[in-house]
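Chain residues, written in single-letter form:
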Amino acid sequence: MPIIVQKYGGTSVADTERIKNVARRLVAARGEGYQVVAVISAMGDTTDELLAMAHDISAEPPERELDMLLSTGERVSVALLAMAIHELGQTAISLSGNQAGIQTNTVHTKARITGVETRRLIEELDSGKIVLVAGFQGVSPEEDVTTLGRGGSDTTAVALAAALEAQQCEIYTDVDGVYTADPRIVADARRIAAVSYGEMLEMAATGAEVLMLRSVEYAQKYGVPLHVRSSFTDQPGTWVREEDENMEKAVVSAVTHTDDESKLTLLRVPDRPGVAATVFGALAGENVNVDMIIQNVSEQGTTDISFTVNQPELPAAQKALDALSDELGVAYIIGEQMGKVSIVGAGMKSYPGVAAKMFKTLADAGINIEMISTSSIKVSCVIERAQVEDAVRALHTAFALG
Ligand code: ADP
Ligand code: ASP
Ligand code: MG
């Protein structure tokens with residue numbers, strides 16, 4: 001019997017009625033002759049609420065304990081869903097990430113999956129059960145609970161689909177696919193029928209939160225096609241897969257954005273070999289993900305280096321820099337309220353002038369660009385956070401994506 005992996009996000013299981021809806025969908029998939037594995041997120045805003053409680057108690061909660069706390073959200077969902085499926089007369093079993101064999105490294109709150117031990121999953125599937133796996137979590141070599149970072153249930157689903165060689169991996173969410181821009185911001189955003197892994201990677205990396213970046217990397221690495229679709233309808237959604245002839249060859253396929261960037265600028269850093277290695281080594285030591293980096297020309301033996309981090313990682317970044325300040329004697333300034341807009345499209349590789357058009361569009365909207373970075377299929381601009389939504393709408397119109 002072919003295996004299907006379905007993932008349901010938080011909105012799709014936000015209350016008990018919606019959990020019953022998901023139960024019906026899973027029983028239907030079983031009825032179509034699939035062995036069914038479902039990966040479930042925490043209900044609604046549970047993860048945010050748990051995080052808020054932790055931060056009420058501690059400014060810097062120990063990350064091991066955060067993982068213990070956050071992993072409970074997904075456990076609530078799978079247990080309730082198993083009960084709902086039993087009510088429908090089917091057998092199901094809920095499993096924690098650990099019980100489902102999801103092994104990770106020890107980087108608490110953003111652990112990476114290192115392997116999946118499928119023995120238990122296969123036993124349960126072979127005994128006819130629908131298997132419900134708590135998303136977003138695993139177990140470290142020290143046998144501690146870990147979580148995979150925000151949106152991590154997507155990655156759980158892809159990892160299970162790869163390990164079980166599933167025939168399908170469906171990501172059910174509250175939109176009916178991947179859009180040309182966040183539909184919450186752009187009213188005339190359009191669903192994209194199919195998008196390549198490469199474009200989806202850039203989109204996820206630049207803020208299209210509909211798929212977690214790591215899940216797309218994993219899908220590409222193991223060749224798992226993804227179908228992103230709505231849990232409220234039966235309409236087809238968006239296929240994420242290897243690039244092929246049938247995909248739209250748009251110069252620009254989508255506009256993406258983030259609104260939680262902070263910019264740090266190190267002033268008058270000594271311009272000699274090893275300094276950047278020291279600075280970014282220290283940041284890596286605090287597990288800070290650095291996004292954009294710009295180093296200016298050197299004047300009188302010193303230079304300025306600017307970079308961006310996700311705002312939640314700002315305290316860790318400051319900690320790393322403060323520890324270095326004695327060694328390097330550098331001062332830094334912070335721009336806390338920043339965001340980023342990006343345009344992504346496989347077609348821009350062979351099309352000059354795309355970046356220029358982006359900059360002109362932002363200029364015409366009175367938006368100042370603070371930093372720029374490019375790849376062969378993406379251009380990103382860091383701008384003031386308050387202007388992000390206007391920038392997204394202006395670019396979506398300028399590139400005729402509506
Ligand atoms: P889930 O809880 O199902 O994992 P998420 O909230 O993580 O759902 O992701 C879905 C949301 O992503 C949508 O509600 C939408 O507002 C947002 N989003 C941002 N950019 C895009 C995009 N380009 N296409 C579709 N959705 C997007
Ligand atoms: N519940 C987790 C989060 O809110 C994981 C997920 O939903 O994918 O980030
Ligand atoms: Mg998500």
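The structure displayed is predicted, hence computed values, not measured ones.

So, about the overall build of the protein. Looking only at helices and strands, the protein features 11 helices and 18 strands. Compactness check: the protein gives a C-alpha radius of gyration of 22 Å against a globular reference of 21 Å for 402 residues, within 12% of the reference. Oriented by its inertia axes, the alpha-carbon framework of the protein measures out at about 75 × 50 × 35 Å. Within the span of the protein, comprising 402 residues, buried residues form 52% of the whole. Considering only residue pairs separated by 6 or more positions, the protein has 75% of its internal contacts joining residues 24 or more positions apart.

Moving on to the nonpolar core. Of all hydrophobic cores here, the largest spans 46 residues; its most connected members are Val37, Leu121, Leu160 and Met200. Per element, the largest residue contribution to this core is six residues, and it comes from helix H5 (residues 153-163). When residues no more than four places from it in sequence are discounted, the contact partners of methionine 200 are Val178, Val195, Val210, Leu211, Val216 and Val240.

This paragraph deals with the site of ligand 2. Lining the immediate surroundings of ligand 2 are Ser41, Ala42, Thr47, Glu74, Phe136, Arg150, Gly151, Gly152 and Ser153. Between ligand 2 and threonine 47 there is a distance of 2.8 Å, counted from a nitrogen atom to a side-chain nitrogen or oxygen. The contact in question runs from an oxygen atom of ligand 2 to an N or O atom on the backbone of glycine 152, over 3.3 Å. Protein burial of ligand 2: of its 260 Å² of free accessible surface, 86% is covered by the chains.

Another point: the sheet that holds strand E1 (residues 3-8). Here eight strands make up an open sheet; going across it, the order is E3-E6-E2-E1-E9-E11-E12-E10 and the pairing mixed. Only two strands of the sheet have a single neighbouring strand rather than two, namely strand E3 (92-95) and strand E10 (194-196). If you compare each strand with its neighbour and ignore which way they point, the axes differ by 20° on average. When E3 meets strand E6 (residues 130-134), the two strands line up parallel, connected through four bridges. If you follow alanine 92 over to E6, its bridge partner there is isoleucine 130.

Looking now at unusual backbone geometry. A positive phi angle, near 75°, is found at phenylalanine 136, a position not held by glycine. Its location among the elements puts phenylalanine 136 in the loop between E6 and strand E7 (137-139).

A few words on the packing of helix H2 (residues 46-57) against helix H3 (residues 63-87). Here H2 crosses H3 at 155°, and the two axes come no closer than 9 Å. With respect to H3, the axis of H2 lies roughly antiparallel. Crossing angle aside, the handedness with which H2 passes H3 is right-handed. Listed contacts from H3 to Thr46, Thr47, Leu50, Leu51 and Ala54 of H2 are Leu66, Leu69, Leu70, Thr72, Gly73 and Glu74.

All chains considered together, the criterion is met by 21 salt bridges. We note a salt bridge from aspartate 144 to arginine 64, for which the minimum N-O separation is 3.0 Å. One end of the pair, aspartate 144, is in the loop between E7 and strand E8 (145-147); the other, arginine 64, is in helix H3, and 80 residues separate them in sequence. Take arginine 64: its relative accessible area is 33%, and that puts it in the partly exposed class. Residues arginine 120 and glutamate 124 are paired through a salt bridge, measuring 2.8 Å at the closest nitrogen-oxygen approach. Of this pair, arginine 120 and glutamate 124 both sit in helix H4 (residues 119-126), four residues apart, which is roughly one turn of the helix. We classify arginine 120 as partly exposed; its relative accessible area is 27%.

Glancing now at the site of ligand 1. Around ligand 1, a shell composed of 17 residues is seen, among which Thr173, Asp174, Tyr179, Asp182 and Arg184 lie nearest. Threonine 173 places a side-chain nitrogen or oxygen 2.7 Å from an oxygen atom of ligand 1. Measuring from an oxygen atom of ligand 1, one finds a side-chain N or O atom of aspartate 174 at 2.9 Å. Taken by itself ligand 1 offers 570 Å² of open surface, and the protein chains cover 89% of this. In terms of residue class, the shell around ligand 1 is made up of eight nonpolar, four polar and five charged.

For the rest of this paragraph, the subject is the side chain of serine 140. Within the element layout of this structure, serine 140 appears in the loop between E7 and E8. Every residue in contact with serine 140, bar those within four places of it in the chain, is listed here: Thr104, Asn105, Thr106 and Thr146.

We now examine the packing of helix H1 (residues 16-31) against H3. Between H1 and H3, whose axes approach to 9 Å, the crossing angle comes to 60°. As judged from the angle between their axes, H1 and H3 are oblique. Read as a crossing pair, H1 and H3 show a hand that is right-handed. Each of Ile19, Lys20, Val22, Ala23, Leu26 and Val27 in H1 lies in contact with H3, whose residues at this interface are Leu80, Leu81, Ala84 and Ile85. Taken together, the residues of the contact of H1 with H3 break down into nine nonpolar, no polar and one charged.

This next bit is on the packing of aromatic side chains. If you walk through the whole model with that rule in mind, you get three aromatic pairs. Residues tyrosine 8 and tyrosine 172 carry aromatic rings whose centres are separated by 4.8 Å and whose planes lie at 5° to one another, so their mutual orientation is stacked. With tyrosine 8 in strand E1 and tyrosine 172 in strand E9 (residues 168-173), the pair connects residues that are 164 residues apart, well separated along the chain. Residues tyrosine 8 and tyrosine 172 agree in their burial class; the two are buried. On the numbers, 5.4 Å between centres and 75° between planes, the contact of phenylalanine 280 with phenylalanine 307 is edge-to-face. A residue pair is termed long-range when its members are at least 10 positions apart, and phenylalanine 280 in helix H8 (residues 275-285) and phenylalanine 307 in strand E15 (residues 302-310) qualify at 27 residues. The same class applies to phenylalanine 280 and to phenylalanine 307, which are both buried. For lysine 357, the ring lying beneath its charged end belongs to phenylalanine 399, and the centroid distance is 4.8 Å.

Cut-offs and rules
Residues numbered from 1 in each chain as written. Chains lettered and ligands numbered in written order. Predicted model: local features only at pLDDT ≥ 70, side-chain atom pairs only at ≥ 80, totals over all residues. Heavy atoms only, no water. Helix = DSSP H or I, 4+ residues; strand = E, 2+ residues; numbered from the N terminus. Rg over C-alpha atoms; globule rule 2.2 N^0.38 Å. Buried < 20%, exposed > 50% of the residue type's maximum accessible area, 1.4 Å probe, protein only. Contact = heavy atoms within 4.5 Å. Core = buried A, V, L, I, M, F, W, Y, C linked by side-chain atoms within 4.5 Å. Near = heavy atom within 4 Å. Polar contact = N/O pair within 3.5 Å; in protein donor to acceptor, adjacent residues only side chain to side chain. Areas by Shrake-Rupley, 256 points an atom, 1.4 Å probe, with all protein chains shown as cover. Pairing = 2+ DSSP bridges. Axes fitted to C-alpha atoms, helices over the stretch in contact; angles between N-to-C directions. Parallel < 35°, antiparallel > 145°, perpendicular 65-115°, else oblique. Left-handed = near helix turned anticlockwise from the far one by under 90°. Salt bridge = Lys/Arg side-chain N within 4 Å of Asp/Glu carboxyl O. Nonpolar A, V, L, I, M, F, W, Y, C, P; charged D, E, K, R; others polar. Phe/Tyr/Trp six-rings, centres within 6.5 Å; stacked < 30°, edge-to-face > 60°. Lys NZ or Arg CZ within 6 Å of the ring centre and 35° of its normal.

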